[in-house]
Amino acid sequence: MTHTEIEITAELVRDLLRDQHPDLADRPLRLGARGWDNQLWRLGDDLAVRLPWATQSADALLRKEHAWLPALALDLPLPVPVPQRLGEPSERFPRTWLVTTWVPGEPADRAPATRGAEAADTLAAFLTALHRPAPTGAPAGRDRGGPLVDHAEGFARLLASGTELGLIPDPDSVRAVWEDAASAPDWESPALWLHGDLHPANVLTTDGTFCGVIDFGDLFAGDPAFDLAAPWILLPDGAADRFYGAYQPTPDAATLRRARGWAAWRALSGILIGEAGVRGRPGGKATWGPPAHAALRRLVATVRRPGEQGLAADVTDVRRLA
């Protein structure tokens, strides 16, 4: 993380609005959240201002959302932050910024889904709608998606770091999940639109189920298995079977295997970020640890015991183990 040298305050945000979008400048303004890439400021009851503050890549991610998300959002069954205005770099703030719609709800890392069936159906409907063929020119993933073998070194580093810290009780089983996923046939159908960052802080809940999805900065076209890792991370025990039964088209065995691998990758990352938060380190988020540990526990349960072969690879086994 590289924090911007400019302190972002309510006064600065209001000045930016006066300069470029004066019709919005007199709305009530208050800090909403400090995310991984951006700060989020509430603007009245129905809008928000997002400003880069912690990474150099945030500007390009905001421009990507502005270019692609308004059209995609039209067919999505959950509220998403639809870009309304683009803020251009200026002397006052030399970075891109964005005005979007505000999506109410609590992040799932703080308020996890508890109504498993409803949450599974909601998530399946959302991803079924999002996962449509992407057009020529759609963005590619940054450090995610594509063949798992291309990410083997990164996965090994995550696993080694978590193991050295004593956070991974059964590293051999975690490695087995990844190796099985990496050996599965690659996605050969047309690339589909993917959210690309479905961790619990980017999915909102109310009354125990999902009510919105935010932060489409990693939107890209690729293998749906990357997003289909989400049930392992987001849903309570026993609800993934409901998701995979509701999602259309029904994933084949190879896609389920790849999804387990990406879920393990996501879980290891979340465990390390959570531990950094517990220890008060920069970039750490303590609330990311519990859902990541729960996901890894569920994934390890898919590893067959001695004398059996491979991993659970079909929907029936996922229903039994997730």
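Counting restarts for each chain: residues are numbered from 1 in the order of the written sequence. Side-chain atom pairs in this predicted model are given and counted only at pLDDT of 80 or more, local residue features only at pLDDT of at least 70, and totals for whole chains, interfaces and linings cover all residues. Side-chain metrics rest on all non-hydrogen atoms present in the structure, leaving aside hydrogens and water.

Focus: the overall build of the protein chain
Move 1: By definition, any uninterrupted DSSP run of H or I lasting at least four residues is a helix, any uninterrupted run of E lasting at least two residues is a strand, and each is numbered from the N terminus. Along its length, the protein chain carries ten helices and ten strands.
Move 2: Here the globule rule is a power law, 2.2 Å times the number of residues to the power 0.38, and the radius of gyration is based on C-alpha atoms. For a compact globule of 322 residues, the expected C-alpha radius of gyration is about 20 Å, and the protein chain comes in at 20 Å, within 12% of that figure.
Move 3: Here the protein chain, with 322 residues, has 53% of them falling under the buried criterion.
Move 4: Only heavy atoms enter the contact rule, under which two residues are in contact if any of them lie within 4.5 Å. Considering only contacts within the protein chain whose residues lie at least 6 apart along the sequence, 69% involve residues at least 24 apart.
Move 5: Looking at charge distribution, the protein chain has the averaged site of its 33 positive side-chain charges lying 3 Å from that of its 42 negative ones. Any residue under 20% of the maximum accessible area for its type is buried, any over 50% is exposed, and the rest in between are partly exposed; the area is computed with a 1.4 Å probe on protein chains only. Under the counting rule used here, the positive set is Lys and Arg, the negative set is Asp and Glu, and His together with the chain ends is not counted. One atom stands in for each charge, and that atom is NZ of Lys, CZ of Arg, CG of Asp or CD of Glu.

Details of the sheet that holds strand β9 (residues 209-213)
Move 1: With antiparallel pairing, three strands are arranged side by side in an open sheet as β6-β8-β9. The open sheet is flanked by β6 (106-107) and β9, the only strands paired with a single partner.
Move 2: Strands were regarded as paired on the criterion that DSSP finds at least two bridges between them. Sheet analysis places strand β8 (residues 203-206) next to β9, joined by four bridges and oriented antiparallel. Paired with Val 203 across the bridge in β9 is Val 213.

So, the sheet that holds strand β4 (residues 83-87)
Move 1: The strand order across the open sheet formed by five strands is β1-β2-β3-β5-β4, and the pairing between neighbours is antiparallel. Since the sheet does not close on itself, it has two edges, and those belong to β1 (29-34) and β4, each with one partner. Neighbour to neighbour, the strand axes of the sheet diverge by 25° on average, direction disregarded.
Move 2: Bridging between β1 and strand β2 (residues 38-43) involves five bridges; their strand directions are antiparallel. Considered in β2, the bridge of Leu 31 is made with Trp 41. Orientation is described by lines fitted to C-alpha atoms, with helices fitted over the stretch in contact, and by angles between N-to-C directions that extend from 0 to 180 degrees.

Thoughts on unusual backbone geometry
Move 1: Residue Pro 249 is reached from Gln 248 by a cis peptide bond, and omega for that bond is -5°.
Move 2: With respect to the helices, strands and loops of the structure, Pro 249 is situated in the loop between α7 (240-246) and α8 (253-278).
Move 3: Within the chain, Asp 207 stands out as a residue other than glycine whose phi angle is a positive 55°.
Move 4: With respect to the element layout, Asp 207 can be found in the loop between β8 and β9.

So, the pattern of salt bridges
Move 1: Just to be clear on terms, a salt bridge is a Lys or Arg side-chain nitrogen sitting within 4 Å of an Asp or Glu carboxyl oxygen. Enumeration over the complete set of coordinates arrives at 21 salt bridges.
Move 2: Of the charged contacts in the structure, one is a salt bridge between Asp 46 and Arg 27, with a shortest N-O distance of 2.6 Å. Placement of the pair is Asp 46 in the loop between β2 and β3 (47-52) and Arg 27 in the loop between α1 (10-20) and β1, with a sequence separation of 19 residues.
Move 3: Taking the relative accessible area as the measure of exposure, Arg 27 reaches 27% and is therefore partly exposed.
Move 4: Arg 279 is the salt-bridge partner of Glu 275, the closest N and O atoms lying 2.7 Å from each other.
Move 5: Taken together, the salt bridges that share partners define one network made up of Asp 15, Arg 18, Asp 19 and Arg 92.

Examining the packing of α8 against helix α9 (residues 289-300)
Move 1: Across the interface, α8 lies against α9 with an axial gap of 8 Å and an inter-helix angle of 145°. Relative to α9, the crossing made by α8 is left-handed. Of the residues in α9, those touching α8 at Arg 260, Ala 263, Ala 264, Ala 267, Leu 268, Gly 270, Ile 271 and Gly 274 are Gly 289, Ala 292, His 293, Ala 295, Leu 296 and Leu 299. Each crossing gets its handedness from the near helix: less than a right angle anticlockwise from the far helix is left-handed, clockwise is right-handed.

Concerning the packing of helix α4 (residues 152-164) against α8
Move 1: The contact between α4 and α8 brings their axes to 10 Å, and the two run at 45°. Classified by the angle their axes make, α4 and α8 are oblique. The handedness of the crossing between α4 and α8 is left-handed. Counted together, Phe 155, Leu 158, Leu 159, Ser 161 and Gly 162 of α4 and Ala 264, Trp 265, Leu 268, Ser 269 and Leu 272 of α8 form the full contact between these two elements.
Move 2: Split into classes, the residues belonging to the contact of α4 with α8 amount to seven nonpolar, three polar and no charged. Should an angle fall under 35 degrees it is called roughly parallel, over 145 degrees roughly antiparallel, and 65 to 115 degrees roughly perpendicular, with every other angle called oblique. Residue polarity is assigned by list, with Asp, Glu, Lys and Arg as charged and Ala, Val, Leu, Ile, Met, Phe, Trp, Tyr, Cys and Pro as nonpolar; anything else, Gly included, falls into the polar class.

Remarks on helix α2 (residues 58-73)
Move 1: To obtain the bend at a residue, axes are fitted to the seven residues ending there and to the seven starting there, and the angle between these axes is taken. Along α2, the sharpest kink reaches roughly 35°, centred on Ala 67 and followed within four residues by the proline Pro 70.
Move 2: Every buried residue of α2 is accounted for by Ala 58, Asp 59, Leu 61, Leu 62, Lys 64, Glu 65, Leu 69, Leu 72 and Ala 73.
Move 3: Contacts from the buried residues of α2 go to β2, β3, β4, β5 (97-101) and β7 (192-194).

What to know about the layout of surface pockets
Move 1: Reported here for the second largest pocket is a volume of approximately 160 Å³.
Move 2: As for the second largest pocket, its lining consists of 13 residues, and the residues nearest its centre are Pro 112, Ile 233, Leu 234, Leu 235 and Pro 291.
Move 3: Contributing elements (two or more residues each) for the lining of the second largest pocket: α6 (230-234) and α9.
Move 4: Considering every element that reaches the lining of the second largest pocket, the biggest residue donor is α9, with four residues.
Move 5: Residue classes in the lining of the second largest pocket are distributed as eleven nonpolar, no polar and two charged. A cavity, in this analysis, means grid points on a 1 Å lattice covering only the protein atoms where a 1.4 Å probe fits yet has no way out; a pocket is instead an open set bounded by protein on both sides within 12 Å along at least five of seven lines, and a residue lines either one if it has an atom within 4 Å of a point. Grid points are joined across faces, edges and corners, and a volume is the space filled by probe spheres set on the points.

Re the confidence of the model for the protein chain
Move 1: When pLDDT is averaged across the protein chain, the result is 92; 93% of the residues are at 70 or more.
Move 2: Segment residues 313-322: pLDDT under 50, and 26 contacts once partners within four positions in sequence are set aside and those in other chains are kept. Known as pLDDT, the predictor's per-residue confidence is scaled from 0 to 100.

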